[in-house]
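Examination of the molecular architecture
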Amino acid sequence: MSAEYATFGLAPAIRAGGVLANGDYQVHRDFVDFIVDGRPLLFQLSDLDAVSPLASDVPPAIFTAQVQSLLLEADAPLPDGRYVIYGCPECESLACGAVTAAISADGSDFIWRDFAWQTDEHVDLELNGYHGIGPFRFQGAEYRAALASLLGEAPAALRRRVLLIGARVALLAKLAAALRTIGIGADITRDAEGVPADELKAYGAVAFGRAVTEEERAAVRAAFDRAGVEVAYVHGFAPIVPLLVAQIEHALDRSPVQQRRLTRLVAADGEAGVEVTSPCRVRLTAYRLDRLYRTHAHEIFDGVLEAGRHRIALDAKAVKGEAFVVARTSGSVLVEAMAR
């Protein structure tokens, strides 16, 4: 085993939720990701839809137990000193598959090795091992400091509530229901006047409908400013629920920009331009309103892209009229209006 050290850190990350074009729902999850040598470890594991055990929506006692486990202050949950590094974002069952690794101490150092895909209590490293990933040797002081910093604080749920402001109550009710289904709280109001500061602190984003005037938007921003609350403001592109959910998902993403997989989306001249930082599955969906304001959704692309910039042709029918493109990976969502 090489004596060379890898750096260890932590950073906020999300598993992006959403309402998919086929009507399925994908649950939103906030979690803390492992940063190895300055890059999310998850990105080294091909296109994996998974979250670390350091998720913000687990009870505090379980979150603390997960941190202590990674510090080797508790017995390994799996045979042979193996620990879950990434698991299913929808449930906690090992049967769905998980990335595991053996974690051990060598003096003051911590070592992660023998990464594998595991679906039951025992793992076949020859058959299911992630060959070429690790082993990683972390300096004990850096490793302990990063994980210990999570103890004693709420696991940073990042204010997963959204305030919805608009004139079309029926649409807002559908949007709120969709957001709640994927794990994001939502409340509907016409303005924020008179709302106590403590209540405003619960929100991570404010979404405005297209009918909300600039004067009304300014009044809402002033209310949050007076309360000393910094939130993301979303200006809804169109009355299309899956599109608005995607816009809100993007607004709630607090992960460092340099540590995201999906970093760029442009939509113009019959093409979508997409940039990804590592190989991953990308789904492109076009939404449009026809002359009668009916919604149409079209799956444009669904496949694995290599790191770099890509140009993807758009079906002319899919982006006819007022149209919008949503690009989605397991951990990022971007939305753009179709430029004319």
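Preceding block: the structure.
Okay, so let's go over this structure.

Rules used in this analysis
- Residues numbered from 1 in each chain as written.
- Predicted model: local features only at pLDDT ≥ 70, side-chain atom pairs only at ≥ 80, totals over all residues.
- Heavy atoms only, no water.
- 1 Å grid on protein atoms, 1.4 Å probe; cavity = no way out; pocket = protein on both sides within 12 Å on 5 of 7 lines; lining within 4 Å.
- Points joined across faces, edges and corners; volume = space filled by probe spheres on them.
- Helix = DSSP H or I, 4+ residues; strand = E, 2+ residues; numbered from the N terminus.
- Nonpolar A, V, L, I, M, F, W, Y, C, P; charged D, E, K, R; others polar.
- Buried < 20%, exposed > 50% of the residue type's maximum accessible area, 1.4 Å probe, protein only.

1. Quick look at the layout of surface pockets
Here the largest pocket is characterised by a volume of approximately 550 Å³. In this structure, the largest pocket is lined by 23 residues; those nearest its centre are Pro 53, Gln 66, Val 84, Gly 87 and Glu 92. Counting only elements with at least two residues in the lining of the largest pocket, the list comes to α1 (60-70) and β6 (82-86). With 4 residues, α1 is the single largest residue contributor to the lining of the largest pocket.

2. Quick look at empty space enclosed by the protein
Taken as a whole, this structure holds 2 cavities of 30 Å³ or more when the rule is applied. Counted as a void, the largest cavity has a volume near 190 Å³. Lining the largest cavity we find 21 residues, and of these Ala 13, Ile 14, Phe 43, Gln 259 and Gly 331 sit closest to its centre. Elements that contribute at least two residues to the lining of the largest cavity include exactly β1 (8-15) and β4 (29-36). Looking at which element gives the most residues to the lining of the largest cavity, the answer is β1, with 5 residues. Taken together, the residues of the lining of the largest cavity sort by class into 11 nonpolar, 6 polar and 4 charged. Taken as a whole, the second largest cavity spans an internal volume of roughly 30 Å³. Together, His 250, Asp 253, Arg 260, Leu 262, Ser 332, Val 333 and Leu 334 line the second largest cavity.

3. Here we look at unusual backbone geometry
Put simply, Gly 134 and Pro 135 share a cis peptide bond, and its omega is 0 degrees. The topology assignment puts Pro 135 in the loop between α2 (125-128) and β9 (136-138). Although it is not a glycine, Asp 269 sits at a positive phi angle of roughly 55 degrees. Within the element layout of this structure, Asp 269 appears in the loop between β14 (262-268) and β15 (271-276). The exposed category is assigned to Asp 269, whose relative accessible area is 76%. At Tyr 293, a position not held by glycine, the phi torsion is positive, near 60 degrees.

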